[in-house]
Amino acid sequence: MRYLRLIPALLLAVLLASCNTTKKLYEAQEYDQVIQRLAPEAVKGKATLNEMNMLAGSYHKANQADHERIQALKATGQPDVWPEIYQRYCSMKGRNDVLSKLPKKVKKGMNYSKLDLDEDMLVARNKAENFLVAKANQLLSTGSKADAEETAEYIKQLARTNPENKNMMDLRKKQMLRSANEVTLRFANEEPMSKAVVDVVLGFDEGEVPYTIVFTKKSSALVTVDVSSIVVSPIRLDEVSFKESKDGKTVEVTDHSQNKSATITGVIDYRDQEGKLIGTVPFEAKSSFKNDYTTIRGDREACSAETLSRLNSQPVPVPTDESLLLDAARKLNDLLANELKK
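A brief report on the enclosed structure follows. Just so we're clear, the structure is a prediction, and the values are computed from it rather than from any experiment.

1. A short note on the overall build of the protein chain
In step 1: When you go through the protein chain residue by residue, the secondary structure sums to 11 helices and six strands.
In step 2: Against the globule reference of 20 Å for 342 residues, the protein chain gives a C-alpha radius of gyration of 35 Å, more extended than a compact globule.
In step 3: Buried residues in the protein chain amount to 39% of all 342 residues.
In step 4: A separation threshold of at least 6 residues defines the contact pool for the protein chain, and within that pool the share at least 24 residues apart is 70%.
In step 5: When the accessible surface of the protein chain is summed, it comes to about 20,300 Å², and 52% of that surface belongs to carbon and sulfur atoms.

Written as structure tokens, this is what we have:
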């Protein structure tokens, strides 16, 4: 029986401690924490009168503080204020949405009204994104490693503002590369390629890439070339024949076309030192061979001037599969170099 009498006492102690903690948060002006604690109970109709007073006070005081801060920031006219303005609008909307679930009578008693912030938030978000992208690009353009490291904070703010921003992947990739001492470059799978092709793809000229490239050890930036397909087309010979006439003379003209290509496709993955994927860039490196020439059967004097101009062209040996692949590998190497120095 003594244990049963202890249970209500313990529950009372817990409730008193909870109320005391909430009151301390309210007195410390930690209004959002108060709202997080009390709003669920208020929605269930379980909050005390004192708790409802703290909830209402926290809601109005937090919104008033944000409103005043937003007005002060706007008055500066500075572009760097918009990320904070947007986050404060988000806070106001979040509080408004949480309390919107309260019964109508309760909302009326605490002087709650639905805030229409959508247009203000859209304007603030657009201006915040513009500033953060411009600031990040400005820091990344200096070539300073310290500036590149500082860019990480602006990218974090951009992710909080709009994680779907179209510049996000490019900024993260640049920030990772330009703050790294070394960049590890590797193939996800070298099996489909000859050693000569691999060597060409990874064979950068001195100074072509503004980083120290390593191929085996782990570094703070990992770039992986993942080849999904290598296709060498068969030789295609196309012919089109037609007749030309002049001064009662005729000639049959045949235009020939030799075609062949090699295409390497895949993706380039960028990962940080923890292995987290920063971004993926698809690629297609293609080497094409095409040679056109013209032959005639009949009287040359019947040929038009255009046909005569093409008669000097001749068929040529078609490149081998390997030579076309090596040329495609050189183009993939150029593509990689451009990616790494953007």
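2. Concerning the pairing of strand S4 (residues 236-246)
Where a strand is regular, its side chains alternate between the two sheet faces.
In step 1: Of the pairings in the sheet, the one linking S4 to strand S5 (residues 249-272) comprises 11 bridges and is antiparallel in character. In the sheet register, Val240 faces S5, and the bridge partner there is Asp255.
In step 2: Counting the residues in the hairpin turn of S4 and S5 gives two residues, including Asp247, whose phi is positive at 55°.

3. Points about the pairing of strand S6 (residues 277-298)
In step 1: Two elements, S5 and S6, share 21 bridges in a ladder whose sense is antiparallel. The residue bridging Glu252 from the neighbouring strand is Arg297, located in S6.
In step 2: Counted along the chain from S5 to the antiparallel partner S6, the turn is four residues long, and its residue Gly275 has a positive phi close to 85°.

4. Notes on the packing of helix H6 (residues 118-140) against helix H8 (residues 168-178)
In step 1: Following both chains from N to C, one finds H6 and H8 inclined at 25°, their axes separated by 11 Å at the closest point. Relative to H8, the element H6 lies roughly parallel. The handedness of the crossing between H6 and H8 comes out as left-handed. Between H6 and H8, the residues in contact are Val133, Ala136, Asn137 and Leu140 and Leu171, Lys174, Gln175 and Arg178, respectively.
In step 2: In terms of residue class, the contact of H6 with H8 is built from four nonpolar, two polar and two charged.

5. Brief notes about the nonpolar core
In step 1: Membership of the largest hydrophobic core comes to 37 residues, with the highest contact counts inside it found for Leu177, Leu185, Phe187, Val201, Val223, Tyr270 and Leu340.
In step 2: Of all the elements in the fold, those that place two or more residues in this core are H8, strand S1 (182-187), helix H9 (195-201), strand S3 (221-232), S5, S6 and helix H11 (321-340).
In step 3: Top element by residues in this core is H11. It accounts for nine residues.
In step 4: Look past the residues within four positions of Leu340 in its chain and what remains in contact with it is Leu177, Phe204, Val209, Pro210, Tyr211, Ile213 and Val223.
In step 5: Counting residues in hydrophobic clusters, the runner-up holds 19 residues, among them Ala42, Ala47, Met52 and Met54.

So, how was this worked out
- All residue numbers here refer to positions counted from 1 along the written sequence of the relevant chain.
- Totals for whole chains, interfaces and linings use all residues, but because this is a predicted model, local features are given only for residues with pLDDT of at least 70 and pairs of side-chain atoms are given and counted only at 80 or more.
- For the side-chain quantities, the full set of heavy atoms in the structure was used; hydrogens and water were omitted.
- Strands here mean DSSP runs of E at least two residues long; helices mean DSSP runs of H or I at least four residues long; both are numbered from the N terminus.
- C-alpha atoms define the radius of gyration in this analysis, and the globule rule sets the expected value at 2.2 Å times the number of residues to the power 0.38.
- With a 1.4 Å probe rolled over the protein chains alone, any residue whose accessible area is under 20% of its type maximum counts as buried; one over 50% counts as exposed, and the rest are partly exposed.
- A contact between two residues is defined here by any heavy atoms of the two lying within 4.5 Å.
- Computed by Shrake-Rupley with a 1.4 Å probe, the accessible areas treat only the displayed protein chains as cover when residues are assessed.
- DSSP-based pairing: two strands are paired if at least 2 bridges between them are found.
- Axes here refer to lines fitted to C-alpha atoms; in helices the fit is confined to the stretch in contact. Angles between the N-to-C directions go from 0 to 180 degrees.
- When describing relative orientation, an angle under 35 degrees is termed roughly parallel and one over 145 degrees roughly antiparallel, while 65 to 115 degrees is termed roughly perpendicular and anything else oblique.
- Two helices crossing with the near one rotated counterclockwise from the far one by less than a right angle form a left-handed crossing, whereas a clockwise rotation gives a right-handed crossing.
- Any residue outside Ala, Val, Leu, Ile, Met, Phe, Trp, Tyr, Cys, Pro, Asp, Glu, Lys and Arg is labelled polar, Gly included; the first ten of those are nonpolar and the last four are charged.
- As used in this record, nonpolar core signifies buried Ala, Val, Leu, Ile, Met, Phe, Trp, Tyr and Cys residues forming a set joined through side-chain atoms within 4.5 Å.

Remember that the coordinates give geometry; whether it matters functionally is a separate question.
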